[in-house]
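# Working through the structure, step by step
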Amino acid sequence: MERELALIIVNYNGVSVLKELLFETLDSILYAIRDIPKVDIWFVDNGSTDNSVMIVREKYGNVMKILKLGRNVGYGNACNLAYIYINRTGLRYRFYACVNNDIVIDSRGFRDLLAWLNILDKMFPEGFVAAPILINGYIGGLDFGGYFVDNSGGAWPLRFVARSAEGLANTLQLPLPISYADGAFMIFHRAVIEKIGFFEQRFFLYSEDVEVCLRAWQSGVPSLLIPVIVGKHYRSTTTNKMKHIQVYMQVRNRVYNALRYFGLHGLVRTLIWYVFYPVRLVDSRHIMVEKLLEELGLNLLGTIQDLGGSISTAKLIIRALIDGVCWAWKNKKGRGSTLRGCIVPVLKFPISSLVSTKALLNNVQVALLNMLCKHLEYRKRSRTSSEH
């Protein structure tokens with residue numbers, strides 16, 4: 001049976017951790033799709049221990065499909081298993097959206113998003129990956145915006161240069177090619193999954209969105225930021241409870257992506273990034289950018305304190321670095337098969353900038369602004385050609 005959109009909502013202990021926010025999220029999605037045909041909600045429980053399934057089934061069992069997994073397999077794998085299960089039921093969707101359980105959806109923005117998906121379906125018949133714009137649910141303004149990777153696998157959001165969600169949407173007006181779509185609200189055209197597969201199974205948390213989008217770019221499939229605001233995101237509400245896993249997965253998976261997609265050059269840059277971690281920590285305090293880094297989830301000092309001090313943090317990062325290199329090399333993905341020759345937008349700046357927070361942020365901001373300027377030039381040319 002052919003349907004339009006499957007909204008895959010992955011949940012882990014949402015009732016106890018998110019409390020009313022979980023129900024607010026689900027209610028907002030139900031309201032947004034209330035009279036839109038062929039759109040289904042798939043609530044995928046990732047082995048919760050707080051009776052999430054029972055409570056959600058009692059409250060929403062007649063209006064959404066509920067899939068219970070026996071254990072926590074991670075975000076990407078939960079989406080993978082949901083996709084496999086959906087296929088086995090005989091249902092096929094044109095689009096699959098992986099959505100966090102802490103995003104309150106705006107119904108008007110959701111309708112605009114569906115309209116854009118239909119337009120993009122005609123523009124990219126071989127498929128695309130996309131993400132909408134989200135508002136930061138805690139402090140307002142832009143959540144993160146689109147992401148761009150640098151040539152060491154580091155990820156940089158547009159929030160470094162755009163603070164307003166409305167301002168970014170008005171500036172873009174047309175979908176912006178980005179390195180990868182944010183996994184918080186990530187939309188796949190079915191043709192993409194059929195062509196390259198879904199999420200990498202070994203990514204329990206973090207950077208699974210980076211990896212699948214870079215793999216898609218390798219196959220000529222773009223990632224796009226759609227200039228539509230679809231809701232408010234209360235980011236990291238669940239994962240903030242798992243700091244050790246959080247840091248380990250971020251480091252290990254970044255190393256894997258660096259080696260897999262940028263080769264030995266990318267690995268060297270990544271190692272330099274972590275070697276000069278303490279230097280940038282001191283630098284960030286000196287130049288008073290701690291507030292910005294904290295808002296962007298890069299509060300280095302807070303992370304070190306949460307993990308029990310600098311020695312414990314160093315040991316965890318070293319273990320993650322080694323595991324990431326061994327994993328990539330074992331799978332023979334460290335040699336060849338990089339992004340060389342692909343059109344994926346990547347930020348490039350001198351290796352010396354990895355030593356200083358100030359130099360790094362300056363280079364990132366310049367590179368991001370250049371990406372936006374190129375897009376504005378493209379938008380201007382598109383408008384001129386349409387007038388003629």
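What you are looking at is a predicted structure, and each value in this text was computed from that prediction instead of being measured.

## A word on the pairing of strand β2 (residues 39-46)
Within β2, eight of the eight residues are buried, which leaves the element mostly enclosed by the surrounding structure. Residues Val39, Ile41, Phe43 and Asp45 point to one face of β2 and Asp40, Trp42, Val44 and Asn46 to the other, with burial holding for every one of them. Across seven bridges, the pairing between strand β1 (residues 2-11) and β2 is parallel. Bridged to Asn11 within β2 is Asp45. When β2 meets strand β3 (residues 65-69), the two strands line up parallel, connected through five bridges. Paired with Asn46 across the bridge in β3 is Leu69. Traced from β2 through helix α3 (residues 52-60) to β3, the parallel crossover comes out right-handed.

## Examining the sheet that holds strand β7 (residues 147-150)
One open sheet accounts for three strands, arranged β8-β7-β12; its pairing is mixed. With one partner strand each, in any of the chains shown, β8 (155-157) and β12 (346-347) form the two edges of the open sheet. For β7 and β12, the ladder comprises two bridges, and the chain directions are parallel. Paired with Val149 across the strands is Val346, a residue of β12.

## Comments concerning the layout of surface pockets
Unoccupied space between atoms shows up once a probe the size of one water molecule is rolled over them. Estimates place the volume of the second largest pocket at around 420 Å³. Contributing to the lining of the second largest pocket are 20 residues, with Pro175, Leu176, Pro177, His375 and Tyr378 lying nearest its centre. Per-element accounting of the lining of the second largest pocket gives the leading share, five residues, to helix α14 (residues 357-387). Broken down by class, the residue content of the lining of the second largest pocket amounts to 17 nonpolar, one polar and two charged.

## Examining α3
Of all the residues in α3, the buried ones are Ser52, Val53, Val56 and Tyr60. Down the axis of α3, the smallest arc covering the buried residues is 90 degrees, so these residues share one side. Against β1, α1 (14-17), α2 (20-32), β2 and β3 lie the buried residues of α3.

## Focus: the packing of aromatic side chains
Tallying each qualifying case throughout the model produces 17 aromatic pairs. Judged by centre distance (5.1 Å) and plane angle (75 degrees), the rings of Tyr83 and Tyr96 are edge-to-face. One end of the pair, Tyr83, is in helix α4 (residues 75-88); the other, Tyr96, is in strand β4 (residues 92-100), and 13 residues separate them in sequence. Across the pair, Tyr96 and Tyr83 agree in class, each one buried. Taking the centre distance of 4.9 Å and the plane angle of 90 degrees together, the rings of Phe188 and Phe198 count as edge-to-face.

## As for the environment of Asn51
For Asn51, the location among the structural elements is in the loop between β2 and α3. The exposure class assigned to Asn51 is partly exposed, which follows from its relative accessible area of 48%. With 36 residues separating them in the primary sequence, Asn51 and Val15 have C-alpha atoms 7.6 Å apart.

Rules behind the numbers
Residues numbered from 1 in each chain as written. Predicted model: local features only at pLDDT ≥ 70, side-chain atom pairs only at ≥ 80, totals over all residues. Heavy atoms only, no water. Buried < 20%, exposed > 50% of the residue type's maximum accessible area, 1.4 Å probe, protein only. Helix = DSSP H or I, 4+ residues; strand = E, 2+ residues; numbered from the N terminus. Pairing = 2+ DSSP bridges. Right-handed = clockwise from strand over helix to strand, strands pointing away. 1 Å grid on protein atoms, 1.4 Å probe; cavity = no way out; pocket = protein on both sides within 12 Å on 5 of 7 lines; lining within 4 Å. Points joined across faces, edges and corners; volume = space filled by probe spheres on them. Nonpolar A, V, L, I, M, F, W, Y, C, P; charged D, E, K, R; others polar. Arc of directions from axis to C-beta. Contact = heavy atoms within 4.5 Å. Phe/Tyr/Trp six-rings, centres within 6.5 Å; stacked < 30°, edge-to-face > 60°.

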